[in-house]
Structures are given as structure tokens and as C-alpha cells.
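Descriptive analysis of the structure
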Amino acid sequence: MARRFKLRPVGESGSESDDETPFIDRREFMRHSFNTAAGVITVASLGSVGFASLLMGQAESSGGDSAVRYWVPTGAEDTVWYGDSHLEPMTYQSFVDAASSSSTGMAAAQGVWSGLPINAIYVPHEENKTAALVENKPRFQFLDGYAVDGGYVGSGYEMDDDSQFEPLRIHDNLIIVFSRCPHLCCIPGWQLVANEFTADQWFPNGTDSGGNKLFCICHSSRFDPTVIEKNRNTNRSDGAQFEYFGIKRTGGPAPVGMPLVPFVLNGDMIEALPDFKDWYAYCD
Ligand code: FES
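The following paragraphs examine the structure supplied in this document.

Thresholds, definitions, all that
Residues numbered from 1 in each chain as written. Predicted model: local features only at pLDDT ≥ 70, side-chain atom pairs only at ≥ 80, totals over all residues. Helix = DSSP H or I, 4+ residues; strand = E, 2+ residues; numbered from the N terminus. Contact = placed C-beta atoms within 7 Å. Buried ≥ 20, exposed ≤ 12 C-beta atoms within 10 Å, placed from the backbone. Core = buried A, V, L, I, M, F, W, Y, C linked by C-beta atoms within 7 Å. Pairing = 2+ DSSP bridges.

Quick word on the overall build of the protein
Per the secondary structure count, the protein includes six helices and 16 strands. Residue pairs at least 24 apart in sequence account for 63% of intrachain contacts in the protein once pairs closer than 6 positions are excluded.

Structure below.
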């Protein structure tokens, strides 16, 4: 029998309602996960010891199965700020603390949610959103998205205008991104390698200059996690096209950027929501 995972939307009091709690079917998520040979190979490029156990589901723990957990790539234990937290549930305060030692005030981490690779990115949006739009004053920006043929798809602003996308709206200075590269499905990382695209530096308007990009080590695609756009992607297996809201591709062979994952804060715990799971199937 497939395991079903309880999601816990948080009310004002942090309480949950059993009657209204949605469920995720594990088999649905397995379908979107690392169940292809290409997936296994690309996960290996970031270090995947133990990933198979994730695919089989996690034992219940303090974070529950809707929890977003840190994923520490093998070999990065001593270099990433979350190096001693492998598979621990992500806490919001840990991002705030990590961001305090950054020159941009940003912090991000590799993670996994229900077997799916993600990146969680903290941006000091509230602090900077009314400041001059200058280097190293990062905030989220809603910009126009263009498909791979150059055609206009839509504006990131539409996410705020349409109530069906309410779960995606920016809150708590944080976003979660489904992290499989739309090129050949590797897993882009945050400051896992040192180059001009990963330096702790920010430029406005989604330029390919400056650092703090999600960087795909396979063929060097770059993604700006501070630029939210509407775009269109194609499912690799059936050719079906779909539109999504996500972060902007700024360079490299990836045709487009990567989609957002909605989340809630359950106290200090970061928990993701399955509202747009069809957006995460393009590598299947
Ligand atoms: S798989 Fe990411 S750049 Fe090729």
C-alpha cells in the first residue's frame, strides 16, 4: 500500500485540522523523482550516498514527511553552512542565521522534499524592497518570461494577480525551487563550486553577471533565484508543454528556469505543499 503523507497547513495558532488536511500519495511523487537512470547518474555527480533510502520514504520524524530536509552533497560536509544537518528538517531560523554572515544577506541550501531535489533560498527582500535597485541589495523581482523560441509567455506579477497561485506568493523572505536542470536534469547547486556565478554577490534585473546563482555543474547553466517569471517548459517524455512560475535562467544550455514550490512555516519548520506537482515532472 502506498504511504500517504499528511500536510499540515499552519493556522494562526499553529494548529492543524484533520478534516481539511490534504494528502500526498508517495507513488505520485516517486513518479516525479529520481527514478530514471539519468537521475541516478546526475544525483551521483553531487554525491548520492543514501539517496536510495530517501526514495523509499523517510521514517516519521519531528519534521513529518511534508518537511523540507537538508541534503548535504558528499564532500561538502565541511564547506556548506548546513554541513552537519544532512536529512534534518530545515528550520527557518537557520537561514536567517546563515544569511547574517553573508555580504548580500542571502543564504541557500540544497534540500530534498518527498524525494524531490530542491533548493531553499533566503533573500532579504523585506529589508531591501524599497531601497535603490543596486548591487548587493537583493530582493525578489517579478520580470517577464520568454520561452525558448523567444516568445513572451507572461510576467511574474501574474502570480500575485491570480488567486489560484496564492500559495506561491512570496513570504518570509524565502523561496523553494524544484531543482532539476531543464537541460539534462542534473541538480543545480548553491555555492557548491567556486566561480564567478557562485560568488556572494548580487546584481539586479536577472543579469548573468554577478554571483549567487544556482549553478548546474554538468554544463554550466545558471539560474537567478531572485527573479520570478512566468515561463513554459516541455515534458521530456511526452512532449507536453506547461506553463509555470519559477526562477529565471540567466545562462548556459538550459532552455528555461526552474519552477517554484509553495511552502508554509510550521513554527520554525519549513514544509512544502503539493499544489503544483505537475510542474515537477519534466524530467520523467
Ligand atoms: S544538465 Fe544542467 S546544464 Fe546540462
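What follows picks up the thread again.
Focus: the environment of proline 89
Structurally, proline 89 can be placed in the loop between β3 (69-70) and α4 (92-99). The class for proline 89 is buried, based on 22 C-beta atoms found within 10 Å. Along the backbone, proline 89 and arginine 69 are 20 residues apart, and their C-alpha atoms lie at a distance of 4.2 Å.

Some points on the nonpolar core
Among the nonpolar cores identified, the biggest contains 59 residues, and Val68, Ile118, Ala120, Ile176, Val177 and Val261 are the most heavily contacted of them. Only β4 (107-113), β5 (116-122), β9 (174-178), β11 (214-215), β12 (222-234), β13 (241-251), β14 (258-261) and β16 (269-272) provide two or more residues apiece to this core. The contact partners of valine 261, leaving out residues within four places of it in the chain, are Trp113, Ile118, Ile176, Val177, Phe178 and Ala272.

A word on the pairing of β13
Here β12 pairs with β13 via 10 bridges, running antiparallel. Among the inter-strand pairings, arginine 222 is bridged to a residue of β13, identified as glycine 251. Between the end of β13 and the start of β14, which pair antiparallel, lie six residues, with glycine 252 showing a positive phi angle near 90 degrees.

Without other data, these values stay purely geometric and don't point to any function.
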